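Structural features, examined
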Amino acid sequence: MSRTKKINSALISVFYKDNLDPIIKKLHDLGVILYSTGGTQAFIENLGIPVKSVEGLTSFPEILGGRVKTLHPKIFGGILGRRELDSDIAQMQQHEIPEIDLVIVDLYPFEETLASGANEEDIIEKIDIGGISLIRAAAKNYNDVVIVASRNDYSSLLNLLNEQNGSSELSDRKTFAAKAFAMSSHYDAAIFNYFNQTEQLPILKQSINNGATLRYGENPHQKGVFYGDMQAMFEKLNGKELSYNNLLDVDAAVNLMADFTAEPTFAILKHNNACGVASRPKIVDAYLDALAGDPVSAFGGILISNTEIDFETAEEIHKLFCEVVIAPSFSDTALAILKSKNNRIILVQKTVPLPKKQIRTLLNGIMEQDKDLVTETEANLTTVTTATPTKSQIKDLLFANKLAKHTKSNTIVIVKNNQLIASGTGQTSRVDALRHAIDKAHNFGFELTGAVMASDAFFPFADCVEIAHNEGIDVVIQPGGSIKDKDSIEYCNAHGMSMVFTGTRHFKH
């Protein structure tokens, strides 16, 4: 039997009618019999094109306020009937069921209704029943039927109708079917996740329709794809396409900067860790002090500002080779400078809600956890030593604690005057992390006297506070919670150091 199928009849029932009229007119020109319901039927009639009502075909009216329209054997028989089976054809003829070769149907806007803040009754009414059934039926019978389940595929259908004179090949129908099942599964996942907000069943359903193939994955021999709506997150003004590693760094940068909102702040990141951060009244000074924290690691890094980047700042940035520059806005004169390097990626960050869950594949499964959204304030600090930190020291402590939260464990962060002096990142021991940070600070000429130290987790021994004290660091912030907290507290008290506990650990692996 031929795999080429002529479209002789079509069922059309859609919520969104944008760009539908060229398809209706083309189908009419091809002599295709049209069936429709409700608003879509009226839309077709207003185009002056004949259309048969589903109600006329089924001899059964719409009922229950429109909840039941197309759920009828004469509709589903026409879609599911197998043209190559004589028994199916015989039954269709016996019950006067016409063949339906094309189904164009979309779904009630459940996700849009949910996002609008509608009440539960309105949300439930936007759970499509007939549409989802039509999609699944037509997609299942792709051997004989073309299914178009999204307005995003209208142009593909119109091209097929024009180029193939109203016929389709099996490969065409199978492609449309795959897209239809992607649509139906995405729709069901959204509905389940709505219900599971309250039920909290231990079931994971994730569905993202937008996918972009990356140049490669973490390394050139690995394939990579980003699933998500990047255009909703950023406006890209310049540069090459973002790579897998760029995206990891951009994600780290955005999450870090979300904790710095009070004053102009600039951060430079490399391999998901901050190598320079500073807050200053002027963003150019914040950039220069962030760069001073580690000008070596900054080469090829990701730059992010929480304030508009102006001409003066752009002039300084232009002296550095960097992969990506992110800001909420750029002045025209700043853009003129930054765009002069064609490959430099420039992103305007938009305000969009970010996921509150994190998902990671491992072993033969997936782990999910709440995102670490805890950001300590002065109210969360408990002084556990005789000496208490000053107001300016508390400001530095909170600054350092934010950085420790966003740095790979084990980490120690050293801060002075709202500037990252150095950090030890991703070390197997906290002592190693501290020594690494101290060595970096010395290499870049920083004086550690008067600096503060933050740790992402508790000190199991007094060794870290002792090493810090010997370097002139006498103010410490850490979560606390070790059975040997007393050792660190006693050392601090004996040497005039002040230490505060936050009560919250910030491991990051």
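A brief report on the enclosed structure follows.

1. Things to note about the side chain of Asp456
- Considering the arrangement of structural elements, one finds Asp456 in the loop between strand S21 (452-455) and helix H18 (463-470).
- Polar side-chain contacts of Asp456 include one of 2.5 Å to the side chain of Ser409.
- A distance of 2.3 Å separates a polar atom in the side chain of Asp456 from a polar atom in the side chain of Arg430.
- When near neighbours in sequence (up to four residues on either side) are disregarded, Asp456 contacts Ala404, Ser409, Asn410, Thr411, Arg430, Pro479, Arg505, His506 and Phe507.

2. Points about the environment of Ser488
- Assignment of secondary structure puts Ser488 in helix H19 (residues 485-494).
- The class of Ser488 is buried, set by a relative accessible area of 0%.
- Spatially, the C-alpha atoms of Ser488 and Glu466 are 8.4 Å apart, while their sequence positions differ by 22 residues.
- At 3.2 Å, the side chain of Ser488 forms a polar contact with the backbone oxygen of Phe461.

3. Remarks on the pattern of salt bridges
- Inspection of the entire model under this criterion finds 18 salt bridges.
- The partner of Arg83 in a salt bridge is Asp101, with the nearest N and O atoms 3.2 Å apart. Of this pair, Arg83 sits in the loop between helix H4 (73-80) and helix H5 (86-94) while Asp101 sits in the loop between H5 and strand S5 (102-105), and the two are 18 residues apart along the sequence.
- In this structure, Glu490 and Lys486 form a salt bridge, with 3.8 Å as the shortest nitrogen-oxygen distance. With Glu490 and Lys486 both in helix H19, this residue pair falls four residues apart, about one helical turn.
- Since its relative accessible area comes to 56%, Lys486 is described here as exposed.

What counts, and where the lines are drawn
Residues numbered from 1 in each chain as written. Predicted model: local features only at pLDDT ≥ 70, side-chain atom pairs only at ≥ 80, totals over all residues. Heavy atoms only, no water. Helix = DSSP H or I, 4+ residues; strand = E, 2+ residues; numbered from the N terminus. Polar contact = N/O pair within 3.5 Å; in protein donor to acceptor, adjacent residues only side chain to side chain. Contact = heavy atoms within 4.5 Å. Buried < 20%, exposed > 50% of the residue type's maximum accessible area, 1.4 Å probe, protein only. Salt bridge = Lys/Arg side-chain N within 4 Å of Asp/Glu carboxyl O.

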